[in-house]
Amino acid sequence: MTCPNCKELKSECRCRPEDTVQEGQFTVVFRLEKGGRGGKTVTVLDGFPRNEEYLKTLAKEFKAKCGVGGTHILGDKAGMIEIQGDKRDQLKKILEAKKIKFKGM
């Protein structure tokens, strides 16, 4: 059996395992970024657990409710979601409804 990420045998795989998602166990940090995006503003939510399926589902919901594009990224230490535009107010309401703690702008 091989790892889907690195294609090594499971016994030799060195990929970091995904985190389990527990409500209230993490705090999301908001920030706005413009650098490297041609002057376009992006709302970044950082500090999610490293769980591909959870991030994918949450990013899809954020994009649909805000009516914009975006992506999710699995970093070395945490998961991150980027949403196009300054959507902080809308995203804070969604996070409050989901009882996810947040800080930042």
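Quick look at the structure, then. (Residues numbered from 1 in each chain as written. Predicted model: local features only at pLDDT ≥ 70, side-chain atom pairs only at ≥ 80, totals over all residues. Heavy atoms only, no water.)

1. Focus: the packing of helix α1 (residues 52-66) against helix α2 (residues 88-97)
With their axes 10 Å apart at the nearest point, α1 and α2 run at an angle of 130° to one another. Here α1 lies oblique to α2, going by the angle between them. The handedness of the crossing between α1 and α2 comes out as right-handed. Across the interface between the two elements, E61, F62, K65 and C66 of α1 pack against Q90, L91, I94 and L95 of α2. (Axes fitted to C-alpha atoms, helices over the stretch in contact; angles between N-to-C directions. Helix = DSSP H or I, 4+ residues; strand = E, 2+ residues; numbered from the N terminus. Parallel < 35°, antiparallel > 145°, perpendicular 65-115°, else oblique. Left-handed = near helix turned anticlockwise from the far one by under 90°. Contact = heavy atoms within 4.5 Å.)

2. Quick notes on the nonpolar core
Counting residues in each nonpolar core, the largest one holds 17 residues, and the members touching the most others are L45, F48, L58, F62, I81, L91 and I100. When contributions to this core are tallied by element, the ones reaching two or more residues are β1 (27-33), β2 (42-48), α1, β4 (79-84) and α2. Element by element, the count of residues in this core is highest for α1, at six residues. (Core = buried A, V, L, I, M, F, W, Y, C linked by side-chain atoms within 4.5 Å. Buried < 20%, exposed > 50% of the residue type's maximum accessible area, 1.4 Å probe, protein only.)

3. Thoughts on the environment of H72
Within the element layout of this structure, H72 appears in strand β3 (residues 70-74). Taking C-alpha positions, H72 is 8.4 Å from E52, a pair spaced 20 residues apart along the chain. Once residues lying within four places of it in the same chain are set aside, the contact partners of H72 are E52, L55, K56, A59, M80 and I81.

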